[in-house]
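Report on the structure
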Amino acid sequence: MIASLLALTLLAPLQEKPPHPRSVLGFEPATTGHLMTYEQSILCFQALAKSSRRLQLEEIGKSSEGRPIWMALIGSPEHLASLSEIRRDLAMVADPRKLETADEKRILAKTPALAFVSLSMHATEVGGSQYGPILAWELLTREDPEARRLRNNTVIALLPSTNPDGMTMVANWYRRRTKAKKPMARLPWLYQRDAGHDNNRDWYMLNLPETRAITKQLYERLNPVALLDMHQMGNRGPRYFVPPYANPVNPNLDPILTRALNLLGSRMSHDMSIQGCTGVVSSTTFDNWWVGGNRNVPFRHNILGVLTECASANLADPTTRESDKLRGMGVGLPKNAIQENFPDPWPGGRWGMEEITRYNRAAAWSFLLDVARNRGEYLARKILLGRRAVKAGQTLPLKGWLIESTNPRAERLAATLQALGIEVGTLTRDLPAKGGRQAFPKGSYYVSMAQPYRAMAKDLLEIQHYPELLDAPGGRVIRPYDQAGWSLPLMFRVTASPYEENTELPIQLLARVPLPAIPMPGGRKRIRSKLGLFRSTAPSMDEGWTRYVLDLSSVDYARLDASRVRKGKLHKDFKVLGFASMSGPSIDKGQDPKRQLEEFSGGIGEPGRKALLQFLDRGGRIVAWGRSVDYFLDLVDAKDRNALSGKASKGFSCPGTLLMVEKTRKGKSSAILKSFEDSFAVYQKDRVALEGKGLEVLLRYAAEPFASGYLKGKEKIAGKAALARFRHGRGELILFGFRPQNRAQTLGTFDLLLGALRGE
């Protein structure tokens with residue numbers, strides 16, 4: 001998407017002073033009782049753009065629901081008039097292979113650094129986006145020496161909201177629940193159409209329009225030196241998190257980058273303490289291992305990605321916390337007490353929008369001023385990191401990765417890598433087998449490790465081995481913040497091989513491969529459909545991702561809510577019902593009517609259970625996966641069981657890991673598995689492994705199941721059923737112990753789910 005300039009030219013008539021957001025909105029933003037919609041926020045930014053030569057507002061894409069995604073560029077008028085030249089310089093900083101000595105000297109002497117600020121990706125974490133227009137106004141109007149240095153030494157790219165649709169949803173919902181006098185009512189649908197909270201899990205797969213648009217700015221157009229990603233967390237412990245991050249550190253990250261992150265985060269917590277912000281913690285919970293978040297992917301692009309997490313209120317309603325009711329935070333802070341990474345605990349009291357804004361202001365200004373004060377250092381370090389990455393690819397044993405190209409999923413892999421700024425080449429002649437390496441024909445893809453974003457390419461293509469670190473001798477294992485493994489060749493079922501030979505390969509760069517189009521939402525055209533996908537009143541991200549995959553695959557379906565299930569006679573409308581990974585209470589009870597608006601509460605209850613059994617008795621098929629499996633084993637009173645439920649899972653750990661499965665004899669003749677190899681990897685995070693005589697087992701976990709990530713207690717899952725059929729009446733249950741469509745990332749197993757839902 002081509003960014004379009006909204007409203008600013010250097011010849012435009014200007015007001016004497018940019019208007020404060022309150023004068024645009026008619027209320028004081030970022031205060032108790034008030035939430036702006038995205039549209040209201042953009043009105044503030046438009047007013048600033050019309051009145052100041054220090055701000056340009058650009059549309060960089062469209063959201064999932066079609067809203068413009070706006071980005072503000074803030075700096076001196078001279079910098080904004082020279083953005084094309086600045087972008088050219090920053091592109092050379094990002095790829096120093098293109099940097100001549102004279103250009104390097106000139107850039108380090110005067111080119112501004114670019115800092116990127118991302119606000120409220122998770123729409124219920126309202127503080128960042130509510131502060132956004134105020135931050136912009138402060139950046140434009142402050143005239144103290146530090147603010148002037150900031151505008152002169154940097155260009156700031158500010159996203160008013162990283163999730164425009166969600167910002168408006170939550171603001172409207174807040175008003176609705178306030179009017180209904182239901183102050184604890186949760187938003188009854190996902191605040192990103194398909195992903196909900198998982199919109200911050202898409203930054204290496206780029207399934208969503210928001211992540212695609214912003215990724216293009218980060219790694220193609222703007223090439224920042226640092227990124228600030230402002231979030232919120234729970235309210236029962238510390239008030240604010242800033243780096244250093246928690247253990248473990250991903251081994252692909254350059255230690256210089258890790259040191260720089262620690263330095264910047266320590267500066268921020270120092271500055272916040274000076275400004276009276278108590279309860280700031282570091283080195284806990286949010287680790288440096290995983291690759292999928294908006295602050296993680298920049299690490300692999302030599303950008304300092306800073307996550308902040310502020311304690312939440314109840315949206316714009318304040319809360320109160322007594323000091324003796326505060327608790328710790330993860331293994332890095334076992335209790336709410338003074339220690340090295342938490343020297344100044346918050347004393348308790350009121351916590352609301354005003355406090356959140358004060359903390360966010362202190363953090364944002366500290367971050368931006370550090371970039372401004374050390375402009376040359378940030379630019380020089382990014383150049384150094386790029387050169388070190390190229391040198392590592394030239395001198396270390398791993399020279400690159402060879403990837404098959406005839407598999408259509410391999411093309412998606414190549415497109416993903418390119419969209420992330422990674423160079424992909426193709427072989428110009430056949431490469432014969434050698435040693436333990438297989439042959440690769442002409443046209444196969446090749447990803448060299450001698451490129452500035454080596455860490456990103458290596459991290460996506462290799463197998464992960466999450467380290468077993470203890471929080472203390474004999475203590476608890478430090479669990480990963482999110483996924484432990486994400487190797488794309490395994491998730492895509494694509495053949496890839498590391499290349500460690502010293503012979504230079506005949507390679508030509510691959511022309512840009514487009515990412516697949518974002519699917520248009522389906523499932524709403526017809527009530528009657530062969531397939532019904534259950535929708536709980538407690539919204540499920542896994543159900544959202546399932547819709548995404550069904551829409552991507554042009555599968556017709558209807559969304560089936562609890563009230564329809566309770567009515568019964570499901571066989572008249574459906575042949576197959578799908579239940580995404582969700583808890584039994586989410587299906588049976590849904591949201592509590594005491595807290596939620598009546599029309600968005602309740603589950604299927606006993607009438608729904610009877611209706612599902614009747615559906616099976618009449619010959620229907622129910623497909624369930626992940627956590628939903630336990631509910632259906634209980635529904636049909638199966639003697640078969642989940643071998644990892646309850647106390648049986650003690651000693652087992654598989655936090656987002658790729659495991660190997662094998663076809664059984666019956667599996668080899670199953671239509672669901674007809675296009676699959678005898679052994680392949682699946683994504684496991686839900687602790688589901690089936691066993692029992694009543695199951696027709698199609699897939700088993702291998703005797704040595706580990707493929708990528710972290711697995712402890714393998715004996716508890718090895719040999720157990722991963723995919724099984726259970727007959728009931730004239731119908732059947734198809735039960736997946738894993739998520740075959742997890743976050744729309746496991747392309748290699750989509751067809752398993754699609755086949756089951758199509759009735760194959």
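Described in the following lines is the structure provided in the data block. Computed from a predicted model, the values in this text were never measured in an experiment.

Thresholds, definitions, all that
What you see as residue numbers is a count from 1 along each chain, following the sequence as written. The predicted origin of the model limits local features to residues at a pLDDT of at least 70 and limits the giving and counting of side-chain atom pairs to 80 or more, whereas totals for whole chains, interfaces and linings rest on all residues. Only hydrogens and water are set aside when side-chain values are computed; all heavy atoms of the structure are taken into account. Numbered from the N terminus, helices here are DSSP runs of H or I no shorter than four residues, and strands are runs of E no shorter than two. To estimate the expected span of a helix, count its residues, drop one, and scale the result by 1.5 Å. Summary of the burial criterion: residues with accessible area below 20% of their type's maximum are buried, those above 50% are exposed, and those between are partly exposed, where the area comes from a 1.4 Å probe applied to protein chains only. Two rings from Phe, Tyr or Trp (for Trp, the six-membered ring) form a pair when their centres sit within 6.5 Å of each other. Planes less than 30 degrees apart are called stacked, planes more than 60 degrees apart edge-to-face, and all others tilted. Each ring is checked for a lysine NZ or an arginine CZ that lies within 6 Å of its centre and within 35 degrees of its normal; such an atom marks a charge sitting over the ring. Pairing between strands is defined by DSSP: at least two bridges between them are needed. Throughout this description, the term salt bridge denotes a Lys or Arg side-chain nitrogen within 4 Å of a carboxyl oxygen of Asp or Glu. We define the bend at any residue as the angle between the axes fitted to the seven residues before and including it, ending there, and the seven starting there. Fitting a line to C-alpha atoms yields each axis, with helices limited to the stretch in contact; the angle taken between N-to-C directions then spans 0 to 180 degrees. Contacts are assigned to residue pairs that have any heavy atoms within 4.5 Å of one another.

The next point concerns helix α4 (residues 83-94). Between its terminal C-alpha atoms α4 stretches 16 Å, which fits the 16 Å expected from twelve residues at 1.5 Å a residue. Restricting attention to buried positions, one finds in α4 the residues Leu-83, Ile-86, Asp-89, Leu-90, Met-92, Val-93 and Ala-94.

Here the focus is the environment of Thr-178. Along the chain, Thr-178 falls in helix α8 (residues 164-179). Counting along the chain gives 412 residues from Thr-178 to Gly-590, while the straight-line C-alpha distance between them is 21 Å.

This structure, assessed with the given rule, holds 21 aromatic pairs. A centroid spacing of 5.6 Å and a plane angle of 75 degrees characterise the contact between Trp-346 and Trp-351, whose relative ring orientation is edge-to-face. The residues Trp-346 and Trp-351 share a single accessibility class, namely buried. Summarising the aromatic geometry, the rings of Phe-534 and Phe-579 are spaced 5.0 Å apart at their centres and angled 20 degrees between planes, so their arrangement reads as stacked. With Phe-534 in strand β19 (residues 531-535) and Phe-579 in strand β21 (residues 576-579), this pair connects stretches of sequence that are 45 residues apart. For Phe-534, a relative accessible area of 0% gives the class buried. Accessibility expressed as a relative area gives 0% for Phe-579, which makes it buried. Through a chain of ring-to-ring contacts, three or more aromatic side chains come together here, namely Phe-241, Tyr-245, Phe-286, Trp-290, Phe-299 and Tyr-481. Sitting over the face of the ring of Trp-365, Arg-142 holds its NZ or CZ atom 3.9 Å from the ring centroid. The ring of Tyr-378 has Arg-381 sitting right over it, with the charged end atom 4.8 Å from the ring centre.

A few words now on the pairing of β21. Burial of β21 is two-sided: the residues Val-576 and Gly-578 facing one way and the residues Leu-577 and Phe-579 facing the other way are all buried. Where β19 lies against β21, three bridges are found, and the strand directions are parallel. Each residue of the ladder has a partner; that of Leu-531, found in β21, is Val-576. Pairing geometry for β21 and strand β22 (residues 621-625), over four bridges, is parallel. Counted as the bridge partner of Phe-579 is Ala-624 from β22.

A full pass over the atoms with the stated rule returns 53 salt bridges. Between Arg-493 and Glu-677 there is a salt bridge, and its shortest N-O distance comes to 2.8 Å. Linking Arg-493 in the loop between α15 (488-492) and β17 (496-499) with Glu-677 in the loop between α21 (665-668) and β25 (679-684), this pair joins segments that are 184 residues apart in sequence. In this structure Arg-493 comes out as buried when scored by relative accessible area, which is 11%.

Here the focus is helix α9 (residues 209-222). With 14 residues, α9 extends 18 Å from end C-alpha to end C-alpha; this agrees with the ideal 20 Å at 1.5 Å per step. At Lys-216, α9 shows its maximal bend, which comes to roughly 30 degrees. Of all 14 residues in α9, twelve are buried, a share of seventy percent or more. When we look at burial in α9, the residues that qualify are Pro-209, Glu-210, Thr-211, Arg-212, Ala-213, Ile-214, Thr-215, Gln-217, Leu-218, Tyr-219, Arg-221 and Leu-222. Of the residues flanking the end of α9, it is Asn-223, one or two places downstream, whose phi is positive at about 50 degrees.

It is worth spelling out the sheet that holds strand β15 (residues 425-427) at this point. Judged by pairing direction, the sheet is antiparallel, and its five strands sit side by side in the order β17-β14-β16-β15-β18 without closing on themselves. Each edge of the open sheet carries a strand with a single partner, namely β17 and β18 (507-509). Strand-to-strand twist of the sheet, defined as the mean angle between neighbouring strand axes without regard to direction, takes the value 30 degrees. Here strand β14 (residues 400-403) runs beside β17; their pairing, made up of four bridges, is antiparallel. The residue bridging Leu-402 from the neighbouring strand is Ser-497, located in β17.

What follows is about the environment of Phe-706. Among the structural elements, Phe-706 can be located in strand β27 (residues 696-708). Residue class for Phe-706 comes out partly exposed when judged on its relative accessible area of 29%. The residues contacting Phe-706, other than those within four sequence positions of it, are Gln-464, His-465, Thr-657, Leu-658, Leu-659, Met-660 and Leu-711.

Coordinates in, geometry out; function isn't part of it.
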